[in-house]
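One letter stands for each residue in the lines below.
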Amino acid sequence: MFLARGDLVAAEAEEREAIAANDAWGIELGRSYPAAYLANALLERNDPDGAEDAIARAGFGELIPDNAHALYLFAARSRLRAHRGELEQAFEDMLESGSRYERTEPRLFPWRSNATLVALRLGRRDEARELAAAELELARSWGAPRPLARALRAAGLVHGGDAGLELLREAAATIHGSGARPEEAKALVELRAALRRSNRRIDARDELRRGVELALGCGATALAKHGNNELAATGARQRKLLVSGVDALTASERRVAEAATTGMTNKEIAQALFITVKTVELHLSSVYRKLDIAARTELARVLAAAREPATAAS
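Every chain's residues receive numbers from 1 upward, in the order its sequence appears when written. Under the rules for a predicted model, residues below a pLDDT of 70 receive no local features and side-chain atom pairs below 80 are neither given nor counted, while totals for whole chains, interfaces and linings still include all residues. Derived side-chain values reflect all non-hydrogen atoms in the structure, with water molecules and hydrogen atoms excluded from consideration.

S.K.: Got a minute to help me understand the pattern of salt bridges in this structure?
M.R.: Side-chain pairs of opposite charge can arise where the charged atoms are in close proximity. Any carboxyl oxygen of Asp or Glu that lies within 4 Å of a side-chain nitrogen of Lys or Arg is treated as forming a salt bridge with it. Under the criterion given, the structure shown has 25 salt bridges. With its nearest N and O atoms 2.7 Å apart, the salt bridge here joins E88 to R124. In this pair, E88 is assigned in helix α6 (residues 87-101) and R124 in the loop between α7 (111-121) and α8 (125-142), connecting sequence segments 36 residues apart. Using a relative accessible area of 42% as the deciding quantity, one classes E88 as partly exposed. On the accessibility criterion, R124 (25% relative accessible area) is partly exposed. Taking the shortest distance from any N to any O, the salt bridge between E166 and R169 comes out at 2.9 Å. Here E166 and its partner R169 are both found in helix α10 (residues 161-175), three residues apart, which amounts to about one turn of the helix. Each residue's exposure class comes from its accessible area (1.4 Å probe, protein chains only) as a fraction of the maximum for that residue type: buried when under 20%, exposed when over 50%, partly exposed otherwise. With a relative accessible area of 48%, E166 lands in the partly exposed category. On the accessibility criterion, R169 (32% relative accessible area) is partly exposed. Among the charged side chains, a network of salt bridges with common partners joins E62, R77, R81 and D93. Each helix corresponds to a stretch of at least 4 residues labelled H or I by DSSP, and each strand to a stretch of at least 2 residues labelled E; elements are numbered beginning at the N terminus.

So, in structure tokens, the structure goes:
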């Protein structure tokens with residue numbers, strides 16, 4: 001849930017807690033799920049080393065078993081390899097994960113979208129088109145916004161030209177308002193990048209900025225960097241990818257920080273925001289690092305100072 005809606009810090013906290021619980025209880029079959037989800041969250045945050053460590057925590061080594069409990073883990077490893085540029089191995093893994101998925105419910109596991117993009121990077125355009133078409137047909141029959149938007153985005157990138165632009169526009173419209181912020185950010189960035197490639201640079205700029213802002217709000221630094229590069233290619237000034245200060249806080253970090261200034265305990269914040277205490281702790285640690293402070297007693301001062309210019313302007 002946290003990963004899908006773009007609260008990547010919370011997703012990381014929840015999955016680390018789940019891994020610790022599995023380790024404490026010795027539940028070996030349960031390790032692969034949180035390890036896979038954690039790896040995916042860390043890849044969105046541009047942390048491939050962390051993703052590799054997460055996959056290793058599942059304890060399978062190189063030979064991830066061919067069973068239902070390891071499906072997500074195998075797919076996460078293929079994404080890691082693609083992220084690192086190990087494209088041939090990533091593509092082989094994605095095809096293998098696809099054959100494993102097909103034994104269950106193929107519409108539930110949209111593996112072809114990722115495989116499409118890797119095939120495209122390898123220059124295997126015919127294979128990419130075939131994968132994209134099959135995925136889009138399944139996604140349309142299923143109808144859920146996130147997998148449909150993902151399939152439309154992959155198909156749009158494969159087709160290119162005016163046909164590709166229409167598919168990317170449909171992807172952005174499909175995911176808008178769904179709450180799946182990472183996928184919405186990806187759709188926006190790729191749509192506006194396609195507009196830029198078709199020499200419609202002015203049309204591309206505003207939505208590229210919006211896509212970068214959305215990615216930053218999720219903590220999806222890998223996507224934000226990609227969007228920023230596309231923004232620079234339009235001739236516009238890049239969005240500063242802040243790593244410190246109040247403006248660098250994600251929406252979730254800001255909510256936790258504001259709650260902490262009211263005197264609420266971590267447990268009370270967790271209950272109020274419907275998250276775990278561990279998630280609150282991780283958010284606050286990130287807040288302290290970004291604001292360069294040592295304790296919550298300094299939070300009120302720093303947040304108030306950040307609000308002062310806006311107050312004066314009004």
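S.K.: So what exactly am I meant to see when it comes to the packing of aromatic side chains here?
M.R.: Working definition: an aromatic ring pair is given by the centre-to-centre distance plus the angle between the planes. Two rings belonging to Phe, Tyr or Trp (six-membered ring only in the last case) form a pair when the distance between their centres is within 6.5 Å. Interplanar angles under 30 degrees mark stacking, angles over 60 mark edge-to-face geometry, and anything in between is tilted. Using the criterion set out here, one finds one aromatic pair in the structure. With centroids separated by 5.6 Å and ring planes inclined at 55°, the aromatic side chains of Y37 and Y72 adopt a geometry described as tilted. Of this pair, Y37 sits in helix α3 (residues 32-44) while Y72 sits in helix α5 (residues 71-83); the two residues are 35 residues apart in sequence, bridging distant segments of the chain. When its relative accessible area of 30% is taken as the criterion, Y72 is described as partly exposed.

S.K.: Would you mind going over the layout of surface pockets with me for this structure?
M.R.: Gaps left between atoms are located by rolling a probe of water-molecule size over the structure's atoms. Cavities and pockets were defined on a 1 Å grid built from protein atoms only: a cavity is a group of points that admits a 1.4 Å probe but offers it no way out, a pocket is an open group of points flanked by protein on both sides within 12 Å along at least five of seven lines, and a lining residue is one with an atom within 4 Å of any such point. Grid points are joined across faces, edges and corners, and a volume is the space filled by probe spheres set on the points. Roughly 1,700 Å³ of volume is contained in the largest pocket. Around the largest pocket sit 50 residues that line it, and E44, R79, N114, R150 and K186 are the ones nearest its centre. Here the residues of the lining of the largest pocket sort into 30 nonpolar, seven polar and 13 charged. Polarity classes work like this: nonpolar for Ala, Val, Leu, Ile, Met, Phe, Trp, Tyr, Cys and Pro, charged for Asp, Glu, Lys and Arg, and polar for all others, with Gly in that last group.

S.K.: Looking at this structure, how should I read the environment of A151?
M.R.: Tracing the backbone through its elements, the reader meets A151 in helix α9 (residues 145-159). Of the residues examined, A151 reaches a relative accessible area of 1% and is grouped as buried. Separated by 20 residues in sequence, A151 and L131 place their C-alpha atoms 9.7 Å apart. Residue contacts are counted whenever heavy atoms from the two residues lie within 4.5 Å of one another. When near neighbours in sequence (up to four residues on either side) are disregarded, A151 contacts S113, E135, L136 and A139.

S.K.: Teacher, can you tell me more about the packing of α3 against α5 here?
M.R.: In a pair of packed helices, the angle between the axes and the distance between the axes together describe the arrangement. Note on geometry: axes are C-alpha line fits, over the in-contact stretch for helices, and angles between N-to-C directions span 0 to 180 degrees. Running from amino to carboxyl end, α3 crosses α5 at an angle of 25°, the nearest separation of the two axes being 8 Å. By the angle between their directions, the pair α3 and α5 is classed as roughly parallel. As α3 packs across α5, the resulting crossing turns out to be left-handed. Judged by residue contacts, S32, Y33, A35, A36, Y37, A39, N40, L43 and E44 of α3 engage Y72, L73, A76, R79, L80 and H83 from α5. Partitioning the contact of α3 with α5 into residue classes produces ten nonpolar, three polar and two charged. Note that the term roughly parallel is reserved for angles under 35 degrees, roughly antiparallel for angles over 145, roughly perpendicular for angles of 65 to 115, and oblique for everything else. Handedness of a crossing is defined here by the sense of rotation of the near helix relative to the far one, left-handed for an anticlockwise turn of less than a right angle and right-handed for a clockwise turn.

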